[in-house]
Amino acid sequence: MMRIVKKIIKYIISEYLKLKYRERATFGKNVFLGRRVKIYSNNKDNIIIGDNCFILGVLISENNGKIIIGRNTSIRDFVSIRCVNEIIIGDNVIFSFNIVVSDNNNHPVHPDDRIHMINSGWSTELWSLKFSENAPVNIGDNVWIGQNSFILKGVHIGNNSIVAAATVVTKDVPSNSIVAGNPGRIVKTDILNSKRIFNE
């Protein structure tokens, strides 16, 4: 009985959050939002979430950056997706916990620009992500992203690939590969030949 009550409460919270954020994102069918979800956007067309997604993290669109999330994608707790340009996430993608995906540097590179930011005050527009270098990020279908990973600007991750836990991805990852380390390096390229666990 308690399990049913908890399920109903989670459903109610999810529906409330979809109403709360309806002007900030576009939701497909059967999207679930967890109670810690935060969505920052000035236009619902800037963040598009596909059918059957499970979202527990934070989605940030600044400067009309586009975040497009495919179907059947799971984004777990403490995941932060920060966009000023474009971040495209495919179908059937699984994000573990505590991951950052950013299409920008989050800050200017030149030291004088950072001093200028500080001198402007601690919460002025100069702290906006839009003043940082940026490049689109593309994550293909059926990708697994391990806990504590960072996906940085300009990266393309191919279909079926795995980002190992605590990896910092700075370069493109081919399809059907495993990337690991800091900075990330390709450690396996033939995962389609791996042993199957589930028999259909």
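All values derive from a computational prediction rather than experimental measurement.

(A) Expanded view of the pairing of strand β7 (residues 66-69). Only one face of β7 is covered, namely the face carrying I67 and I69; the face carrying K66 and I68 is uncovered. Sheet analysis places strand β4 (residues 47-49) next to β7, joined by 3 bridges and oriented parallel. Following the sheet pairing, I49 is matched in β7 by I69.

(B) The sheet that holds strand β13 (residues 137-139), seen in detail. Pairing within the open sheet is parallel, and its 6 strands lie in the order β1-β4-β7-β10-β13-β16. The sheet is open, and its two borders are formed by β1 (26-27) and β16 (156-157), each paired with just one other strand. In this sheet, β16 lies alongside β13 in parallel orientation, the contact comprising 2 bridges. Bridge pairing in β16 links N138 to H156.

(C) Structural detail: the nonpolar core. Membership of the largest hydrophobic core comes to 35 residues, with the highest contact counts inside it found for I69, I81, F95, V101, I139 and I151. Only β4, β7, β9 (80-83), β10 (86-89) and β13 provide two or more residues apiece to this core. In contact with I151, not counting residues within four places along its chain, are V100, V101, S102, V137, I145, I157, V163 and V169.

(D) Representation of the environment of I178 within the structure. Within the secondary structure, I178 is located in strand β19 (residues 178-180). Between the alpha carbons of I178 and V163 there is a distance of 5.9 Å; along the sequence they are 15 residues apart. When residues no more than four places from it in sequence are discounted, the contact partners of I178 are I162, R185, I186, V187, K188 and I191.

(E) Molecular detail of unusual backbone geometry. For the peptide bond that leads from N182 to P183, omega is 0 degrees, which places it in the cis range. Considering the arrangement of structural elements, one finds P183 in the loop between β19 and β20 (185-188). Its identity as a non-glycine residue notwithstanding, N63 has a phi of 60 degrees, on the positive side. As for its position among the elements, N63 is in the loop between β6 (58-61) and β7. Here N98, not a glycine, exhibits a phi torsion of approximately 60 degrees, which is positive. Note on placement: N98 falls in the loop between β11 (94-95) and β12 (100-102). Take N98: its relative accessible area is 40%, and that puts it in the partly exposed class.

Criteria and thresholds
Residues numbered from 1 in each chain as written. Predicted model: local features only at pLDDT ≥ 70, side-chain atom pairs only at ≥ 80, totals over all residues. Heavy atoms only, no water. Buried < 20%, exposed > 50% of the residue type's maximum accessible area, 1.4 Å probe, protein only. Helix = DSSP H or I, 4+ residues; strand = E, 2+ residues; numbered from the N terminus. Pairing = 2+ DSSP bridges. Core = buried A, V, L, I, M, F, W, Y, C linked by side-chain atoms within 4.5 Å. Contact = heavy atoms within 4.5 Å.

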